[in-house]
Amino acid sequence: MNYYEMIFKRKSYHIFRNTEKLSEEDLNELNSFLDSVIPLDSSIRFKAKVLPESETSCRRGAEYVIELYSETKGNYLRNIGFIGEQIDLWLASRNIGALWFGIGKPDIKSIDNMDFIIMIAISKMGETTFRKDMFKAKRKPVEEFWTGDTLNIAEIVRFTPSACNTQPWIVENNGSELTVYRYKKPGKRGIMPADKVRYYNRIDIGIFLFFLEVCLKHEGYTFKGTQFFEDEPDTVEKALVAKYEISKEEIA
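Predicted, not measured: the structure shown is a model, and the values here were computed from it. (Residues numbered from 1 in each chain as written. Predicted model: local features only at pLDDT ≥ 70, side-chain atom pairs only at ≥ 80, totals over all residues. Heavy atoms only, no water.)

### Description of the pairing of strand 10 (residues 238-248)
Quick note on the threshold: Strand pairing follows a simple DSSP-based rule, namely that at least 2 bridges must link the two strands. Secondary structure elements follow DSSP: runs of H or I no shorter than four residues count as helices, runs of E no shorter than two count as strands, and numbering proceeds from the N terminus.
Examined bridge by bridge, strand 8 (residues 177-183) and strand 10 share seven bridges and lie antiparallel to one another. Bridge pairing in strand 10 links Tyr183 to Lys238. With six bridges connecting them, strand 9 (residues 221-228) and strand 10 associate as antiparallel partners. Residue Lys224 lies in a different strand from strand 10, and its bridge partner there is Glu245.

Here's what the structure looks like:
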């Protein structure tokens, strides 16, 4: 699975039109993939459940919805973001459109002591409906969120999707280490309810970390000694998220 290539293809389908039906083979492949996703934190239990959109509060014309559940401990929201973006990009590789549907309400609020976190609406779409030019998407310029050498990845990483396009991240590169922060500009929250900003932005950071790791690997960087930090309250403008020790083996 080439996640990097799918970064350029994926898009958010806010409304699903002219959809196709997912076959039994499609659903079997999806469920097999959901069983194979790699969490950011393997100590946090999670579950992905596929069910018809009609059995949820989502009304976007999707055929199915993937509901994501998790233990609510540690950086569980960040973990779900990291997991969910693997799913998002895999879906694009199968011509299955997706929408992170943050306001969705599940019928079942908990499974096996895991709480509902967020849902992703999905439908089979025609190949031509996917993104043709990612660079037309509205995102912050690199200089607004990245300092130091961009490693030839910042221009791609900046297209990470986020709730209401808030893009709540900052990266600092000191030459041997990338430091990632969850950033909340004072007083700025877009159209999100104030009490939901931190919740969704913590998921967004997990999505960002997956994009970051995919792009680092694509450019031949390795990272070791990675440190992840507990999230901080919103009184902190720049909440420390992670540190990546990076290196690149030169090819003679």
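Now that the structure has been shown, the text picks up again.
### Some words on the packing of aromatic side chains
Note the threshold: Stacked, tilted and edge-to-face pairs are distinguished by plane angle, under 30 degrees for stacked and over 60 for edge-to-face with tilted covering the rest, among Phe, Tyr and Trp rings (Trp via its six-membered ring) whose centres lie within 6.5 Å. Burial classification: accessible surface area is computed with a 1.4 Å probe over protein chains only, and a residue below 20% of its type maximum counts as buried, one above 50% as exposed, and the rest as partly exposed. For a Lys NZ or an Arg CZ to count as sitting over a ring, it must be within 6 Å of the ring centre and within 35 degrees of the ring normal.
Scanning the model with the defined rule gives 15 aromatic pairs in all. With 4.7 Å between their ring centres and 15 degrees between their planes, Trp169 and Phe208 make a pair best called stacked. Of this pair, Trp169 sits in strand 7 (residues 169-173) while Phe208 sits in helix 5 (residues 197-218), and the two are 39 residues apart along the sequence. Note on Trp169: relative accessible area 1%, which makes it buried. Phe208 gets classed as buried once you look at its relative accessible area, which sits at 0%. On the numbers, 5.1 Å between centres and 85 degrees between planes, the contact of Tyr199 with Tyr200 is edge-to-face. Here a set of aromatic residues connected by ring pairs shows up, and it is made of Tyr4, Phe8, Phe135 and Phe159. Between Lys9 and the ring centre of Phe130, over which it is positioned, the NZ or CZ distance is 4.8 Å. In this arrangement the basic side chain of Lys11 is found over the ring face of Tyr13, its NZ or CZ atom lying 4.8 Å from the centre.

### Some remarks on the pattern of salt bridges
For clarity, the cut-off: Here, a salt bridge means any side-chain nitrogen of Lys or Arg that lies within 4 Å of a carboxyl oxygen of Asp or Glu.
One pass over the full model with this rule turns up 12 salt bridges. A salt bridge links Glu29 to Arg94; the nearest nitrogen and oxygen atoms lie 3.3 Å apart. Of this pair, Glu29 sits in helix 2 (residues 24-34) while Arg94 sits in the loop between helix 3 (76-93) and strand 3 (96-101), placing them 65 residues apart in sequence. A relative accessible area of 32% places Arg94 in the partly exposed class. Lys238 serves as the salt-bridge partner of Glu172, at 2.7 Å between the closest nitrogen and oxygen. One end of the pair, Glu172, is in strand 7; the other, Lys238, is in strand 10, and 66 residues separate them in sequence.

### Observations concerning the sheet that holds strand 9
Worth spelling out the cut-off: Throughout, a residue-residue contact means that at least one pair of heavy atoms, one from each residue, lies within 4.5 Å. An axis is simply a line fitted to the C-alpha atoms; with a helix, the fit covers only the stretch in contact. Between two such axes, the angle follows the N-to-C directions and lies from 0 to 180 degrees.
An order of 6-7-8-10-9 is seen for the five strands of this open sheet, with the pairing classed as mixed. Edge strands, defined here as strands with exactly one partner in the open sheet, are strand 6 (146-147) and strand 9. Note: strand 7 against strand 8, five bridges, orientation antiparallel. Of the residues in strand 8, the one forming a bridge with Trp169 is Arg182. Docked against the sheet, helix 5 engages strand 6, strand 7, strand 8, strand 9 and strand 10, running at close to 155 degrees with respect to strand 8.

### Quick word on the pairing of strand 8
Among the seven residues that make up strand 8, seven are buried, leaving the element largely enclosed by the rest of the structure. Burial along strand 8 is two-sided: the residues Glu177, Thr179, Tyr181 and Tyr183 and Leu178, Val180 and Arg182 are all buried. In sequence, strand 7 turns back onto strand 8 through a hairpin of three residues, with Gly175 there showing a positive phi of about 110 degrees.

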